[in-house]
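Residues per chain, in single letters:
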Amino acid sequence: MDSSGDGLLSQQPFRIRFPGLVDAAHLSVDSLALAAARDSSGGDLLVQWFSNNAGPTIADLLDVTEEDVLGWRNIGVGKRDQILDFLAAVDYAREDFVGSGPLATVHHAVQSMQADPDLLLVIEWTRFAGPLRTWADVEGSVVGHALPADVAAAVDRLRARRLNEPAPVADAETVLAGWFDEMKPRDRDILQHRLVEAPLRTLDDIGTQHGVTRERIRQVQRRLSDRVPDLMASDAWRVVRWEVFAQELRLGACAPLTPGEAAFLASTEGFPRALILWLAGYERVEQTVRRRDFTIPTASTVPLLPESPIVDRVALCDVLEAGGVHAELVDWLIDSIPGIARVDDEVVLWPGNIVEKSYAVLSVRGVPMTPDALAEAIGGGVSVRGLRARLYEDDRIARVSAREVGLAAWGGEEYTSVPGLMTTYLEEYGASSITDLQDNLEERFGASRASVSMVRAAPVFANEGPQIWLRGPDEPFVPRNTPHVIPGHYRSADQLFWRLKADRELMRGSGRSAPPEIATFVGLQPGAHTKLRADPRDVHFAWLMTSHVGPQLGSLKQLADSLGVIEGDEVFLVLDRSTHSASLRPVFSSPLSNDASEAVAQLTGLPAHACSTRDALAASVGVAIDELVATLRARGDETVADLVARLPD
């Protein structure tokens, strides 16, 4: 078995690695049809290995990977190789297992188009039984239907017929080696050292070697590159085209190389394989192969959870998989990004500064920690004394006891400890004055009095005057309902328009807080979450009971990217409760129309009929007509207010 590609393949499902398994999926591993493949590998023991760990049929193996096999009980490297040899044998003999499906009849028939009597008989039956228009009609006529005896016998003979042995086909590396050998020495050097190998040699270096100018080398390089599409489209290069397709399917946008693979691709023997990767659009960077049009995110561009050093892993995975990274390689790629690391089960920003690392650890764990524990979590021989001094100097870090530190303002509701401390206290002591609660948590944990005061607004708590208690089931939380005070907010029937700026956080993929009125418009209540349909990616919308800042919209980055929005642009977030969907719409960037109603439509996103009169616009804002202009000014929509004053009643 060729091991030069094992590292690239070990994480690929067997349905991709051995495509012929799909044709044999209907067979049991102990089928007589697979006897030869079993006998050449592990014999009947294979049946036991597969039955104990995956299942008795080939279909059970389609989504298994080589790494999965090594995790099976009592399976080591030797048995793994026997299993891979068996699968390769099944893949090689795929024509034998096309089997009894309707497509088998067609495949066999296509190979025997010269007036095959059985085929003609089946076609005649199809014409008799119903109109014959396509091969699908032939298939449908012999599957799941009672057939006359002579037709059934003809179908059985067609299904049992073996195809003619195909003529040998040259492999891709042989075709490419022939092309390379036929080149002039100068062209070979340019292809190898300017296009394929890494690191590349300079134009001047190759020009000096061959006694020509760097511009001449550039011209030849362009000519070689321009010729490739024609070669790839030719019949002679069909196998190269197929091999390129196989590489794209197997590698996705980015994949790791083992040291052995990297060395092999850099060797003379490995050049044809490196050339195939280049033709498939890949480049090699250290021990990684990646598509040339794919950019690996950096620590400064990964999406983060709101006000947090914690990476929004769901959004990042979506970005990577949308870019073509195989799902099973996403974690590997994330771990290879400099400046980020894993803390427990979270991915966080991880710069060189030890205070930043402490901030990340505290954000993930959400509980106070001693400087000793933080130093241990950071690793790398951090001085506890030096760390302690720097933590005490940082405004984001607060001492919560004589020995422990925590975050002064926990960055995001999911990671704050203040709601938890308040809940525990109220569960133990019942209703309390906010002052007593602040005194207790400040004395015991160093909790900020301001934080306690802010968090009391979370739906999980009920308040009346100075008293606070845990909200009971008979005390429903009533969200704020003053949509007219929200800047840039307008409604028309079942649609809501909210004007936003595409700031840095939106373009990084971070979520954002939303007013309660926007959440309730789509039916979202505290303690619930929903998903708004959107293209190219649905938008998550959640409202935590412990959140004092209200509902949280998920990332809008992909919606913005699909519109070509850049940082600083303004957009309308459009919510439609009739379709439970969300979309972004760019704000009209041209100068405002001289017509007041058209200009209002440009600034609000509303349809023209909702901007024709002050009465129509007042209904969109949710106020009386005589309050409209003052309301718009009070909430900061001055330009709209000026235009509305020119509208008729």
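Here is what the cut-offs are and how they apply
Residues numbered from 1 in each chain as written. Predicted model: local features only at pLDDT ≥ 70, side-chain atom pairs only at ≥ 80, totals over all residues. Heavy atoms only, no water. Helix = DSSP H or I, 4+ residues; strand = E, 2+ residues; numbered from the N terminus. Rg over C-alpha atoms; globule rule 2.2 N^0.38 Å. Buried < 20%, exposed > 50% of the residue type's maximum accessible area, 1.4 Å probe, protein only. Contact = heavy atoms within 4.5 Å. Areas by Shrake-Rupley, 256 points an atom, 1.4 Å probe, with all protein chains shown as cover. Lys, Arg positive; Asp, Glu negative; His and termini not counted. Charge placed at Lys NZ, Arg CZ, Asp CG, Glu CD. Disulfide = S-S within 2.5 Å. Core = buried A, V, L, I, M, F, W, Y, C linked by side-chain atoms within 4.5 Å. Pairing = 2+ DSSP bridges. Phe/Tyr/Trp six-rings, centres within 6.5 Å; stacked < 30°, edge-to-face > 60°. Lys NZ or Arg CZ within 6 Å of the ring centre and 35° of its normal. Axes fitted to C-alpha atoms, helices over the stretch in contact; angles between N-to-C directions. Left-handed = near helix turned anticlockwise from the far one by under 90°. Nonpolar A, V, L, I, M, F, W, Y, C, P; charged D, E, K, R; others polar. Parallel < 35°, antiparallel > 145°, perpendicular 65-115°, else oblique. Polar contact = N/O pair within 3.5 Å; in protein donor to acceptor, adjacent residues only side chain to side chain. pLDDT = per-residue confidence, 0-100. Salt bridge = Lys/Arg side-chain N within 4 Å of Asp/Glu carboxyl O.

A. Region of the structure containing the overall build of the protein. Along the protein, the regular secondary structure elements total 32 helices and 18 strands. Whereas a compact globule of 649 residues would reach a radius of gyration of roughly 26 Å, the protein reaches 34 Å, over 25% beyond that. Structurally, the protein occupies a C-alpha span of about 90 × 70 × 65 Å along its principal axes. Here the protein, with 649 residues, has 46% of them falling under the buried criterion. Within the protein, contacts between residues separated by at least 24 positions form 60% of all contacts whose residues are at least 6 apart in sequence. Surface accessibility of the protein: about 32,100 Å² in total, with carbon and sulfur atoms responsible for 52%. Between the centroid of the 63 positive side chains of the protein and the centroid of its 92 negative side chains there is a distance of 4 Å.

B. Broad picture of the state of the cysteines. Taken as a whole and judged by the stated rule, the model has 0 disulfides. For the unlinked cysteine Cys 254, the closest cysteine sulfur is that of Cys 317, found at 14 Å.

C. Up close: the nonpolar core. Of all hydrophobic cores here, the largest spans 55 residues; its most connected members are Leu 191, Trp 237, Val 240, Leu 275 and Leu 279. The greatest single-element share of this core, amounting to 7 residues, is contributed by helix H17 (residues 271-279). Look past the residues within four positions of Leu 279 in its chain and what remains in contact with it is Leu 176, Val 228, Met 232, Trp 237, Val 240 and Val 244. Core analysis: the second largest hydrophobic core is formed by 28 residues, Leu 496, Ala 502, Ile 518 and Val 565 among them.

D. Quick peek at the pairing of strand S15 (residues 539-543). Judged by which residues are buried, S15 turns out to be one-sided: Val 539, Phe 541 and Trp 543 face inward and are buried, whereas His 540 and Ala 542, on the alternate face, are not. Taken together, the 5 bridges between strand S14 (residues 528-532) and S15 define a ladder with antiparallel strand orientation. From the neighbouring strand, Ala 528 faces S15, where its bridge partner is Trp 543. The turn linking S14 back onto S15 is made up of 6 residues. In the sheet, S15 pairs with strand S16 (residues 552-553) via 2 bridges, with the strands oriented antiparallel. Paired with Phe 541 across the strands is Leu 553, a residue of S16.

E. Examining the packing of aromatic side chains more closely. Summed over the entire model, instances satisfying the criterion amount to 7 aromatic pairs. When the centroid spacing of 5.8 Å and the interplanar angle of 45° are considered together, the rings of Phe 50 and Phe 86 count as tilted. Placement of Phe 50 in helix H4 (residues 45-53) and of Phe 86 in helix H6 (residues 77-92) is noted, with a sequence separation of 36 residues between them. By relative accessible area, which is 0% here, Phe 86 ends up buried. Ring geometry for Phe 180 versus Phe 271: centroids 4.8 Å apart, planes at 45°, classification tilted. With Phe 180 in helix H11 (residues 172-182) and Phe 271 in helix H17, this pair connects stretches of sequence that are 91 residues apart. As far as the burial class goes, Phe 180 and Phe 271 line up, both buried. Put simply, the rings of Phe 50, Trp 72 and Phe 86 touch in pairs and so form one group of aromatic residues. In this arrangement the basic side chain of Arg 396 is found over the ring face of Tyr 359, its NZ or CZ atom lying 4.5 Å from the centre. Lying over the aromatic face of Tyr 490, Arg 635 brings its terminal NZ or CZ to 4.8 Å of the ring centre.

F. Representation of the packing of helix H23 (residues 418-429) against helix H24 (residues 434-445) in the model. Remark: H23 packs on H24, axes separated minimally by 11 Å, with the N-to-C direction vectors making an angle of 115°. Handedness of the crossing formed by H23 with H24: right-handed. Contacts from Leu 421, Met 422 and Tyr 425 in H23 reach Asp 436, Leu 437, Asn 440, Leu 441, Arg 444 and Phe 445 in H24. Considering only residue class, the contact of H23 with H24 consists of 6 nonpolar, 1 polar and 2 charged.

G. Focus on the environment of Glu 442. Mapping Glu 442 onto the fold places it in helix H24. Judged by its relative accessible area of 38%, Glu 442 falls in the partly exposed class. C-alpha of Glu 442 to C-alpha of Asp 118: the two residues are 324 residues apart in sequence and 90 Å apart in space. Sequence-distant contacts of Glu 442, defined by excluding residues within four places in its chain, comprise Ala 447 and Arg 449.

H. Summary view of helix H18 (residues 313-322). Every buried residue belonging to H18 is among Ala 315, Leu 316, Cys 317 and Leu 320, and all of these are buried. Turning to H18, the residues buried within the fold contact helix H19 (330-335). Following H18 by one or two positions, Gly 324 has its phi on the positive side, about 110°.

I. Up close: the packing of helix H8 (residues 117-129) against helix H10 (residues 149-160). As a packed pair, H8 and H10 sit with axes 9 Å apart at the nearest point and diverge in direction by 135°. Classified by the angle their axes make, H8 and H10 are oblique. When you trace H8 past H10, the crossing you get is left-handed. Contact residues: H8 offers Asp 118, Leu 119, Leu 121, Val 122 and Trp 125, while H10 offers Asp 150, Val 151, Ala 154, Val 155, Arg 157 and Leu 158. Here the residues of the contact of H8 with H10 are counted per class, giving 8 nonpolar, no polar and 3 charged.

J. Geometry of the side chain of Gln 552. Residue placement: Gln 552 occurs in strand S16. Overall, Gln 552 belongs to the buried group, its relative accessible area being 17%. A distance of 2.6 Å separates the side chain of Gln 552 from the side chain of Ser 513, its partner in a polar contact.

K. Here's a closer look at the sheet that holds strand S2 (residues 282-285). Sheet architecture is open: 3 strands sit in the order S1-S3-S2, paired in antiparallel fashion. With one partner strand each, in any of the chains shown, strand S1 (254-256) and S2 form the two edges of the open sheet. The sheet shows a mean angle of 20° between the axes of neighbouring strands, direction not considered. As paired elements, S2 and strand S3 (residues 288-291) share 4 bridges and run antiparallel to each other. Looking at S3, one finds that Arg 284 is bridged to Val 289. The sheet contacts of helix H15 (residues 238-251) involve S1, S2 and S3, and relative to S2 the element is tilted by about 55°.

L. Up close: the confidence of the model for the protein. Summarising the model, the protein shows a mean pLDDT of 83, and 90% of its residues fall at 70 or more. Of the regions scoring below 50 in pLDDT, residues 98-114 engages in 29 contacts with residues more than four places distant in sequence or in other chains. Here residues 410-416 scores under 50 on pLDDT; set against residues more than four positions off or in separate chains, the count is 26 contacts.

M. Here's a closer look at the side chain of Arg 456. Checked against the element boundaries, Arg 456 lands in the loop between helix H25 (449-455) and strand S9 (461-464). Here Arg 456 is buried and forms no salt bridge, its nearest opposite-charge partner Glu 464 lying at an N-O distance of 10 Å. Polar contacts involving the side chain of Arg 456 include one to the main-chain carbonyl oxygen of Gly 465, which spans 3.2 Å. The residues contacting Arg 456, other than those within four sequence positions of it, are Met 422, Ile 434, Phe 461, Asn 463, Gly 465, Pro 466, Gln 467 and Ile 468.

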